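Commentary on secondary and tertiary structure
These are the residues of each chain, in order.
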Amino acid sequence: MSPDLILLSRVSYRDREITAARLRDLVALLAADLRGGCGTQRLIDELWPDERPENPAKALQILVSRTRSQLGPDLVVRTPTGYRLGLEADQVDSSALVARAAASAQCSRAGDHASALEHAEAGLALWDGSGVDGDGPLSALRADRMAALGSLERARALALSRLNRHAEALDALTALAGERPHDEEVLLELLRSEAATAGPAAALARYETYRRFLRDELGSDPGAAVQALHQRLLQGEPVRHNVAHEPNPLLGRDADLAAVTGLVRTSRVTSIVGPGGLGKTRLAQAVGHQAEQRVVHLVALAGVGSDDDVAGEVASVVGAGEGRIADALGPGALLILDNCEHVLRGAADLVRTLVSTTKDLRVLTTSRAPLGLSSESVYPLPELDLATSVALFEHRARAARPGVELPRDVVAELCERLDGLPLAVELAAARVRVLSVPEIAARLADRFTLLRGGPRDAPARHRTLRAVVDWSWNLLDPDAQAAMTALAVFPGGFTEESAGWLIDGDVLDTIEALVDQSLLKVEDTPTGTRFRMLETVREFAQGPPDERFLAWAVDFGTRYHDAVFGPDAFAVAALLRAEEDNLLHALRLSPHPAIAAVLMSLWIIESNYTRLAAVAAEVDPVLIRAEPSDPAVTALTLSTLYKMMLNGPRPERTLSALRRVLTTPPDTMVRAYAHLLVDPGFRADDQQAVVAAAGALETYKHEHDGDIDAAIAEADKALAATDQREAPWQWAMAHSRLAELTLRADDGVRSRDHLLAALPVLDRLGAAADVAGLRWWLVLANLRIGALDEAERWLELISHGEAGNGTTAYHLAVRAEVLFTRGETDAGLALWRRVLDEVRSAGDDLVHGDPPGYDLWVVEARSVAVIAHARHGALDLVRDDLRRLTEQLTSLLANPIDNPPPYLVLLPLLGAQLLAVGMADLASGDTGGVRLVALAEAFGYLRNFQPTMSVAAARAAAEDADGPAYADAVSEYAGLGREELRLAALAALSGRG
């Protein structure tokens, strides 16, 4: 993402060019020191260096005010001594440039050359060094950043060389060496790159030139590192014994190659560790080919039978007696020991001896477990990322069958299930000789049968996936194998505590042994350390379901069934999310009320109603027969609430069961709702939980009756009865409900304030769906109060691909209203037509089922789109949608839905449709539309989308068409009840010309 404020390559803020010279200078002065800003006197001196205004302080205030009005009210912030920019370093390119230079240097010092290159290239993309000439603050700022630009250019060149991308590094290093003749760090990498590209002779000639230059100018010699490289160059061409060349590209391993090469430089012993099939041997061979050591020996230990045979095998391969291995290797050599896991003791003993008896021998090992030496640096080789796995699959599949079809989405889904193991990807790709990619994906459930038949030049243990895992499995003792089988039941990983339910003995020691064999991955998470198996390993190890696993899940559910609604909500939400897959697996094995309750509570706060509905349907038969317990109360309460909110009528079977198991007082949020569900008239004013729950439920009753003011009053009561510290989720949802109701009541300020209160709490809880909705509402609330800049700021915070209310159409709709507010009418109408394209197929029919198939969003979108086109004289573009909307409205008025669910607030929805038909009539010259506008107001029509749904605009249109008739209609419909309004609307529609 590019910075908001651009000052180096051009001058703009959020893609708006800043052309006024003095305004540009003001922003440049403030950007020079983001944190401290600039004092008033210095600003005046720099902005008016020649001729001062009569009142300099006033002139500065006017300039700041102009800047805020043009670029946003928060861009320039007052300080005790002057002003500063209200932006972070990554939002201003001149500061981001400096930050990237510092980050690149830090990564370079840490030996992370891939990240150093990434930061350097990101920094260089911000500026090419142009625009420094001239006077004034802007030129001064750019001139000041030249040092950071130079640092980035140097960092990029060094990183390219250290990543062995010598051809790319050579020109830049040559130029830098000319500019910095004493910079031996640059010279060292230049010599390496020159030797790799032009040959050692060219590098030796450059070294000699430098040596003479130092001797003549300073009377000194090159530094130790340069001299050491010179000696290696003098030794001639490198010698590589048994280091195979790669037959295929080593995809996705550049960063790993650089990291291991760096460790070999700095550590006596380096071990590449990881599970089988990950590509440890291939990486070690690549390191061996580009190693700085002149002599490299690779010894394969896969065929060695015992620890006692390791030294003999190494001696045989390097051509020496057992006691003279170090002499045979020679000074400064690199010894690669491949596949040490089955002879760890023998390999460790040999390496310890070699390191202690030589000065500069380097050893690189590959293994599924480290050697455990103090001289050892361990590099856990990561799995391939998805993009690299896809690229590898496609490369190998085309090699196996050139004309094969490779549907990108199916390939990606297939590779995602292969754990990032290169061997598994290659074995799957080889199957395209006889199967299509979708057929391979469909058969992956039995991966060990499918993934076999590797290339004949691969080791036997790499020709099937089962052989790879078997190799690791057979290295385990029986207790470790039993632990693996037990722990494989956890699809979502596990903690030390949960593992203790399934394995005996010292849990941590057992886990550590499995980690050392690369059979478990260790992850640091917000809830603590977790351990996870690759899916391939888990499938291999998994045995029949273990009753102890179910006992863990029931215990977990019993402890946390309603805890997410209490004071520890944030920690509990993270914990439930971490265990979600495990609990879901347990629920499928045994639908216990405690497991159901804890999952339902998580899905309630996430608004994950799809999962909630599916699980409720599965476990209801069990819940209905459940014995009284707190988890059973929670599960039945949440199931009943969900059904009532989404379906409408009271679900008698779950209510009856809830009434039977409810034996505890209403002292928590869940139990308060339980008492209100079984007895709608229940009240306990001394119980805050009951007051809060009753108020929340009453808001829906009043909203259905069309009394928004009463609904807001009840929501206020619910909020007042909720303690943020004791029930953060309920407190945030009370604010969210008030935001919804006040937005509907045209009170944008209150709605915005409630949204801002709820948002950080729900965000911290991980309630992603609600957070997305609140952000959209913040755009709409700010449009309502005329805060266009703030609305646009929230709009920019929302990702372009985010789906509001379950559809990208909501995103387009909000943007359309922003365009209207900017005065870009045609663009706004075009977006609303795109919204109609998105929803057209979803909202043509009304289904009076359970729940009613009446999509509130589809109806609202069609209504607002028609009104927008009617208001702006473009009704002909949406005639078909107007026809559908009118037919739908007439059908619903003639056949009303009995007992609609709380989520379906019919009166405002009908009102929006009535307003659409009325505004369309007025746009067509039919003044009878004023009665429909008046009816729409009486229905309390939806007003979320402003300015299109503005009450003032609708009234003005009706009054302009026929003021007296409109006034009469308003008076006629005032005070009518729900049924009377329905009949009046039906009559008005049937009387249209």
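Residues numbered from 1 in each chain as written. Predicted model: local features only at pLDDT ≥ 70, side-chain atom pairs only at ≥ 80, totals over all residues. Heavy atoms only, no water.

**A look at the overall build of the chain**
Note the cut-off: Note on conventions: DSSP H or I runs of at least 4 residues are helices, E runs of at least 2 residues are strands, and numbering of each starts at the N terminus. Burial status follows relative accessibility: with a 1.4 Å probe on protein chains alone, a residue under 20% of its type maximum counts as buried, one over 50% as exposed, and anything between as partly exposed. Contact between two residues is taken to exist if any of their heavy atoms lie within 4.5 Å; hydrogens are not considered. Only the protein chains shown count as cover for residues, and the accessible areas themselves come from Shrake-Rupley with a 1.4 Å probe. Positive residues here are Lys and Arg, negative ones are Asp and Glu, while His and the chain termini are left out of the count. Note on charges: their place is set at NZ of Lys, CZ of Arg, CG of Asp or CD of Glu.
Check the secondary structure of the chain and you find 47 helices and 14 strands. Projected onto the principal axes, the alpha-carbon positions of the chain cover approximately 110 × 85 × 60 Å. Here the chain holds 993 residues, and 51% of them are scored as buried. If you take every contact in the chain between residues at least 6 apart in sequence, the share linking residues at least 24 apart comes to 67%. Per element, the accessible surface of the chain, about 42500 Å² overall, is 50% carbon and sulfur. Computed over 99 positive and 139 negative side-chain charges, the inter-centroid distance for the chain is 3 Å.

**Looking at the sheet that holds strand 10 (residues 334-338)**
Sheet strands pair by backbone hydrogen bonding; their relative direction is either parallel or antiparallel. Using the following cut-off: Paired strands, in this sense, are two strands between which DSSP finds at least two bridges. Axes here mean lines fitted to C-alpha atoms, for a helix over just the part in contact, with angles spanning 0 to 180 degrees between N-to-C directions.
Judged by pairing direction, the sheet is parallel, and its six strands sit side by side in the order 7-9-10-11-8-12 without closing on themselves. Across the chains shown, the open sheet's two edge strands, defined by having one partner strand only, are strand 7 (239-241) and strand 12 (376-380). When the angles between neighbouring strand axes are averaged without regard to direction, this sheet yields 15°. Relative to strand 11 (residues 362-367), strand 10 is paired through four bridges, and the arrangement is parallel. Bridged to Ile-336 within strand 11 is Leu-364. Set on the sheet, helix 12 (residues 254-266) makes contact with strand 8 (269-273), strand 10, strand 11 and strand 12; between it and strand 12 the angle comes to about 175°. Packed onto the sheet, helix 13 (residues 280-290) meets strand 7, strand 8, strand 9 (295-300), strand 10 and strand 11 and runs at close to 160° relative to strand 11.

**A short note on the packing of aromatic side chains**
Here is the rule we go by: Aromatic pairing here means that ring centres of Phe, Tyr or Trp (its six-membered ring) are within 6.5 Å. Orientation follows from the plane angle: under 30 degrees is stacked, over 60 is edge-to-face, and everything else is tilted. Charges are assigned to positions over rings by a cutoff of 6 Å between ring centre and Lys NZ or Arg CZ, combined with an angular limit of 35 degrees from the ring normal.
Counted by the stated rule, this structure contains 14 aromatic pairs. For the ring pair Trp-552 and Phe-556, a centre distance of 5.6 Å and an interplane angle of 40° mean the geometry is tilted. A residue pair is termed a helical-turn pair when its members lie 3 or 4 positions apart in one helix, as Trp-552 and Phe-556 do in helix 27 (residues 547-560) at four residues. For Trp-552, a relative accessible area of 2% translates into the label buried. The exposure class assigned to Phe-556 is buried, which follows from its relative accessible area of 3%. By the ring-pair criterion, three or more aromatic residues cluster together here, those being Phe-490, Phe-494, Phe-531, Phe-549, Trp-552, Phe-556 and Tyr-560. Geometry around Tyr-83 places Arg-78 over its ring, the cationic atom sitting 4.5 Å from the centre.

**So, the pairing of strand 11**
Residues in a regular strand project their side chains so that they alternate between the two faces of the sheet. For strand 11, a buried count of six out of six residues is recorded, marking the element as mostly surrounded by other parts of the structure. The alternating pattern of strand 11 places Arg-362, Leu-364 and Thr-366 on one face and Val-363, Thr-365 and Ser-367 on the opposite face, and all of these are buried. Across five bridges, strand 8 lies against strand 11 in parallel orientation. Counted as the bridge partner of Ile-272 is Thr-366 from strand 11.

**Quick word on helix 19 (residues 422-430)**
By the criterion of burial, helix 19 is predominantly enclosed, with eight of the nine residues buried. By the burial criterion, the buried members of helix 19 are Pro-422, Leu-423, Ala-424, Val-425, Leu-427, Ala-428, Ala-429 and Ala-430. Looking at the buried residues of helix 19, the elements they touch are helix 17 (386-400), helix 20 (437-442) and helix 22 (465-473).

**Here we look at a negative patch on the surface**
The test is simple: Patches draw on residues past 30% relative accessible area with no salt bridge. Two like charges within 9 Å are joined, as are two nonpolar side chains (Val, Leu, Ile, Met, Phe, Trp, Tyr) within 5 Å. A carboxyl oxygen of Asp or Glu within 4 Å of a side-chain nitrogen of Lys or Arg is what we treat as a salt bridge.
The grouping of Glu-496, Asp-506, Asp-509, Glu-512 and Asp-516 at the surface amounts to a negative patch. The dominant element in the negative patch, judged by the number of residues it contributes, is helix 25 (residues 507-516), at three residues. The residue Glu-496 is located in helix 24 (residues 496-499) in this model.

**With respect to the environment of Gln-730**
Following the sequence through the fold, Gln-730 ends up in helix 36 (residues 728-744). You can call Gln-730 buried: its relative accessible area is 11%. In this structure Gln-730 touches Met-669, Tyr-673, Ala-692, Ala-693 and Thr-722, once residues within four positions along its chain are discounted.

**Digging into the nonpolar core**
Spelled out, the test is: Side-chain atoms within 4.5 Å are what join buried Ala, Val, Leu, Ile, Met, Phe, Trp, Tyr and Cys residues into a set we call a nonpolar core.
If you look at the biggest cluster of nonpolar residues, it comprises 231 residues, and the most contacted ones within it are Phe-393, Trp-832, Leu-935 and Phe-945. Examining the composition of this core, we find that twelve residues originate from one element, helix 44 (residues 906-923), more than from any other. Sequence-distant contacts of Phe-945, that is, excluding residues within four places in its chain, are made with Leu-780, Tyr-810, Ala-813, Val-814, Glu-817, Trp-832, Trp-857, Glu-860 and Val-864. Core analysis: the second largest hydrophobic core is formed by 31 residues, Leu-30, Ala-59, Leu-75 and Leu-87 among them.

**Considerations on unusual backbone geometry**
For the peptide bond that leads from Gln-946 to Pro-947, omega is 15°, which places it in the cis range. On the secondary structure map, Pro-947 appears in the loop between helix 45 (929-938) and helix 46 (951-973). A positive phi angle is found at Asn-164, which is not glycine, with a value near 65°. As for its placement among the helices and strands, Asn-164 is situated in the loop between helix 7 (146-162) and helix 8 (166-179). The buried category is assigned to Asn-164, whose relative accessible area is 18%. One non-glycine residue, Ser-607, lies in the positive phi region at around 55°. Mapping Ser-607 onto the fold places it in the loop between helix 29 (593-605) and helix 30 (609-624).

**Brief notes about the sheet that holds strand 3 (residues 16-17)**
Taking strand neighbours across the sheet as the criterion, the three strands line up as 1-2-3 in an open arrangement whose pairing is antiparallel. The sheet is open, and its two borders are formed by strand 1 (5-6) and strand 3, each paired with just one other strand.

**Remarks on the pattern of salt bridges**
Going through the model one piece at a time under the given rule, you end up with 64 salt bridges. The salt bridge involving Glu-887 is made with Arg-883; its shortest N-O contact spans 3.2 Å. You can see Glu-887 and its partner Arg-883 sitting in helix 43 (residues 879-894), four residues apart, about one turn around the helix. Relative accessible area serves as the criterion here: at 41%, Arg-883 is assigned to the partly exposed category.

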